[in-house]
Amino acid sequence: MTITELPFRATTEQACHWLAQQTGMPWTLTRLIESSLTPYVWLDYDAACPALFGEANGGYAAPIFFEADIRRLAAGSEDVLITMTKDAYSIVTQLKPPGFQRALHELRFLKKDLERLAGKLKHEAEPQPVSMKEATESQTGINKEQVVIAFSSLVRINLEQALATGGGIFGDEGARVKGSAKRAKNKIVWNPITLALGLNDVYRVPMSHLKRAFNTHDFLEAWIGDWNRTLVLLGK
């Protein structure tokens, strides 16, 4: 199979074949997941859970990102089980037990995620000197809502409350951009790289889950380059 143009949502087979063409290496579903790609499944509108769909009465593509659901897929399960996802408005939602079960062939991967991964792998394959230049503190960051969307599902604490309290890694001595707390509440921002490293160190959030977060959310796209360089410097 030769794929010259990926569809907007590629099947697992299409994604694996296309990445094999781009990288010269074999790909499997497990490897896609281990590379922090987020699989999606199309959910047709279900009147039994209207809040999940909102105004998306035709259905929507639901992401699979919850650790247990992802681990099950990566281990070679024969079907898909979704126990937590995001609703049509991208709000994290816990599904009623036992969750939604779907066939493996229903999995889809976003074209933009696949192209970003291929570009990243090609870039990493090029010989590049590692710069040891001391990083300077970024004067920009992401707001509270974005922090909650990106990281709340990875920790067992009330992240929104922790951000409001501003202690430890959530304050000025941690990831909160210095000076931003003096502004209006909706102007306070956090450096997502510093925050992610703190979540790994203090709350033991696996680095693979943090990598997936940076590759999942559009508002973190501008930080991916600095994130990857930081991981190289840290040997992670």
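Residues numbered from 1 in each chain as written. Predicted model: local features only at pLDDT ≥ 70, side-chain atom pairs only at ≥ 80, totals over all residues. Heavy atoms only, no water.

Caption draft 1: Here's a closer look at the overall build of the chain. The helix and strand inventory of the chain stands at ten helices and eight strands. Looking at the chain residue by residue over its 236 residues, the buried ones come to 40%. Treating the 27 positive side-chain charges of the chain as one cloud and the 26 negative ones as another, the clouds have centres 5 Å apart. (Helix = DSSP H or I, 4+ residues; strand = E, 2+ residues; numbered from the N terminus. Buried < 20%, exposed > 50% of the residue type's maximum accessible area, 1.4 Å probe, protein only. Lys, Arg positive; Asp, Glu negative; His and termini not counted. Charge placed at Lys NZ, Arg CZ, Asp CG, Glu CD.)

Caption draft 2: Molecular detail of helix α8 (residues 192–202). Among the residues of α8, Pro-192, Ile-193, Leu-195, Ala-196, Gly-198, Leu-199 and Asn-200 are the ones counted as buried. Here the buried face of α8 lies against α6 (144–151), α9 (207–216) and α10 (224–234). Put simply, Asn-191 is the residue that caps the front of α8, since its side-chain oxygen is 2.9 Å from the backbone nitrogen of Ile-193. Count one or two residues on from α8 and you reach Arg-204, which has phi positive near 60°. (Contact = heavy atoms within 4.5 Å. Polar contact = N/O pair within 3.5 Å; in protein donor to acceptor, adjacent residues only side chain to side chain.)

Caption draft 3: Inspection of the packing of aromatic side chains at higher detail. Here the structure, examined in full by the defined rule, presents five aromatic pairs. Among the aromatic residues, those joined into a cluster by ring pairs are Tyr-45, Phe-53 and Tyr-60. Across the ring face of Trp-27, the terminal group of Arg-31 is positioned such that the distance to the ring centre comes to 3.9 Å. The aromatic ring of Phe-65 is capped on one face by Lys-86, whose charged end is 5.7 Å from the ring centroid. (Phe/Tyr/Trp six-rings, centres within 6.5 Å; stacked < 30°, edge-to-face > 60°. Lys NZ or Arg CZ within 6 Å of the ring centre and 35° of its normal.)

Caption draft 4: Representation of the pattern of salt bridges within the structure. This model, assessed by the stated rule, comprises nine salt bridges. Of the charged contacts in the structure, one is a salt bridge between Glu-221 and Arg-116, with a shortest N-O distance of 3.4 Å. Here the residue Glu-221 occupies a position in the loop between α9 and α10, and Arg-116 occupies one in helix α5 (residues 111–125), the gap between them amounting to 105 residues. By relative accessible area, Arg-116 is classed as buried at 18%. A salt bridge links Lys-144 to Glu-160; the shortest N-O distance between them is 3.6 Å. Taken together, the residues span a long stretch of sequence, with Lys-144 in helix α6 and Glu-160 in helix α7 (residues 159–165) at a distance of 16 residues. Here Glu-160 falls in the partly exposed class, since its relative accessible area comes to 42%. (Salt bridge = Lys/Arg side-chain N within 4 Å of Asp/Glu carboxyl O.)

Caption draft 5: Structural view of the nonpolar core. Within the largest apolar cluster, 29 residues are counted, with the highest numbers of intra-cluster contacts made by Leu-19, Leu-32, Leu-43, Ile-64 and Leu-114. The set of elements that each furnish at least two residues to this core consists of α1 (12–23), α2 (29–34), β2 (39–43), α3 (50–53), β3 (60–63), α4 (67–74), β4 (79–82) and α5. Among the elements that line this core, the one with the most residues is α1, at four residues. Judged by nonpolar contacts, the second largest core, of 27 residues, contains Val-155, Trp-190, Leu-195 and Leu-199. (Core = buried A, V, L, I, M, F, W, Y, C linked by side-chain atoms within 4.5 Å.)

Caption draft 6: Molecular detail of the confidence of the model for the chain. The predicted model of the chain averages 88 in pLDDT, with 93% of residues at 70 or higher. Averaged over each element, pLDDT in the chain is lowest for α10 (87) and highest for strand β8 (residues 108–110) (97). In this model residues 130–139 is a low-confidence stretch, pLDDT under 50, and it forms ten contacts with partners more than four residues away in sequence or in other chains. (pLDDT = per-residue confidence, 0-100.)

Caption draft 7: Fine view of α6. Within the sequence span of α6, burial applies to Val-147, Ala-150 and Phe-151. Each buried residue of α6 lies within a common arc of 75° when the element is viewed along its axis, so the set occupies one face. Its side-chain oxygen 3.2 Å from the backbone nitrogen of Glu-145, Asn-143 forms the N-cap of α6. (Arc of directions from axis to C-beta.)

Caption draft 8: Here's a closer look at the packing of α1 against α5. Running from amino to carboxyl end, α1 crosses α5 at an angle of 25°, the nearest separation of the two axes being 10 Å. As far as their axial angle goes, α5 and α1 are roughly parallel. Read as a crossing pair, α1 and α5 show a hand that is right-handed. Taking contact as the criterion, the partners of Ala-15, Trp-18, Leu-19, Gln-22 and Thr-23 in α1 are, on α5, Leu-114, Glu-115, Leu-117, Ala-118, Leu-121 and Lys-122. Of the residues contributing to the contact of α1 with α5, the split by class is seven nonpolar, two polar and two charged. (Axes fitted to C-alpha atoms, helices over the stretch in contact; angles between N-to-C directions. Parallel < 35°, antiparallel > 145°, perpendicular 65-115°, else oblique. Left-handed = near helix turned anticlockwise from the far one by under 90°. Nonpolar A, V, L, I, M, F, W, Y, C, P; charged D, E, K, R; others polar.)

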